[in-house]
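As a plain string of letters, each chain reads:
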Amino acid sequence: MEHNRTEDNKVGAALVVGGGIGGMQAALDLAESGIKVYLADNKSSIGGVMSQLDKTFPTNDCAMCTMAPRLVEIGRHKDIEKITLSEVESITGQPGNFSVTIKKNPRYIDDTKCTGCGACVSNCPTRNTVQPEEIEDIVLESQFDEEVTGILAKHRDRKGPLMPILQDINAAYNYFPENILRYVSQETGYSLAHINRIATFYSAFSLKPIGKHVINMCMGTACYVRGAELLLEKFTEVLGIGEGETTPDMLFTIKPVRCIGCCGLAPVMITGDDVYGKLQPKDIPGIVNKYQAKEQ
Ligand code: FES
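Predicted model only: the values in this text are computed from it and were never measured. (Residues numbered from 1 in each chain as written. Predicted model: local features only at pLDDT ≥ 70, side-chain atom pairs only at ≥ 80, totals over all residues. Heavy atoms only, no water.)

Colleague: Provide a residue-level description of the domain arrangement of the protein chain, including the pertinent values.
Modeller: Each assigned domain of the protein chain is listed here: domain 1 (13-104), domain 2 (120-201) and domain 3 (213-295). Using C-alpha coordinates to define each centre, domain 1 is positioned 39 Å away from domain 2. (Domains from an automatic or database assignment.)

Colleague: Quick rundown of the environment of Asp249? Include the residues and the values.
Modeller: Mapped onto the secondary structure, Asp249 falls in the loop between helix H9 (228-239) and strand E9 (252-257). Of the residues examined, Asp249 reaches a relative accessible area of 48% and is grouped as partly exposed. Expressed as a C-alpha distance, the spacing of Asp249 and Gly211, which sit 38 residues apart in the sequence, is 8.0 Å. Here Thr247 takes part through its side chain, which lies 2.6 Å from a polar atom of the side chain of Asp249. Here Leu251 takes part through its backbone nitrogen, which lies 3.0 Å from a polar atom of the side chain of Asp249. (Helix = DSSP H or I, 4+ residues; strand = E, 2+ residues; numbered from the N terminus. Buried < 20%, exposed > 50% of the residue type's maximum accessible area, 1.4 Å probe, protein only. Polar contact = N/O pair within 3.5 Å; in protein donor to acceptor, adjacent residues only side chain to side chain.)

Colleague: With reference to specific residues and values, describe the sheet that holds strand E1 (residues 13-17).
Modeller: Taken in spatial order, the 3 strands of this open sheet run E1-E2-E5, and their pairing is parallel. Strands with a single pairing partner mark the edges of an open sheet, and in this sheet they are E1 and strand E5 (80-83). Ignoring strand direction, the axes of neighbouring strands in this sheet form an average angle of 20 degrees. Pairing between E1 and strand E2 (residues 36-40): 5 bridges, direction parallel. The residue bridging Val16 from the neighbouring strand is Leu39, located in E2. Contacting E1, E2 and E5, helix H1 (residues 21-32) crosses the sheet at an angle of about 170 degrees to E2. (Pairing = 2+ DSSP bridges. Axes fitted to C-alpha atoms, helices over the stretch in contact; angles between N-to-C directions. Contact = heavy atoms within 4.5 Å.)

Colleague: Lay out the pairing of strand E8 (residues 213-218) in plain terms, naming residues and giving numbers.
Modeller: Burial runs high along E8: 6 of the 6 residues are buried. Residue alternation in E8 divides its side chains into two sets, His213, Ile215 and Met217 and Val214, Asn216 and Cys218, and both sets are buried. Direction of pairing for E8 relative to E9: parallel, over a ladder of 6 bridges. Residue pairing for E9: His213 is matched across the bridge by Phe252. Here E8 pairs with strand E10 (residues 269-271) via 2 bridges, running antiparallel. Bridged to Asn216 within E10 is Ile270.

Right, dumping it as structure tokens:
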């Protein structure tokens, strides 16, 4: 690419190699100072390792909350051009006037049409379809049979039925019993590996039994600095279970979560549709009693 050169032969463009959080910020800073930026990364998208993290040390901040504004800004910035799936092959020249050869690998999709919806992944005939040799004859336990066959029948003619099926099963049982997932695989033709990938990706889903009331204790930064840890300890003490565990009566599960979007009420706990803000440890026994009383 040709760029205007100043009198001392300097190019008004920069190449940032690596689209992790550091590369993203460098690209934004350069572009903001009026320089055309090429942001190259060997992966199919920018974001780097941080895009795989839930929280970041030492503040426990949500990684995606840090990255998302930068991703959007880079996507919209007129002076930043992303060159993904690419590798730097050679660099020649001198400071202010480099020439770089970049090898761009094929993406195998039409990125002028792709919206990133992921529907192709769910419907990929080679990756996600059960092969004949994998088919087992799964029979559902009687307590699940009617409900699960009803859910499958409800979504049978739908395009991309897997997600609504999993949502309905989750609504019915609050978790995914293993045999039900095997049965769904057998009946829908989605591979068990693909179903498991979805079932373990979303925090709303669980492979372990979950209590009727999930104590979602926010451990985001605002709540953390206002004593969320003490509240979590109090919940574990009152309920007699640890984080991520469920009481034997299947009433409560304690689940530490990241920012739930109401930091002004920190520290916050949510269970079902009920939000408890500005919580103090002395409030916890009363909250637990309230739900226990409802069950009696
Ligand atoms: S940090 Fe707890 S609601 Fe935001």
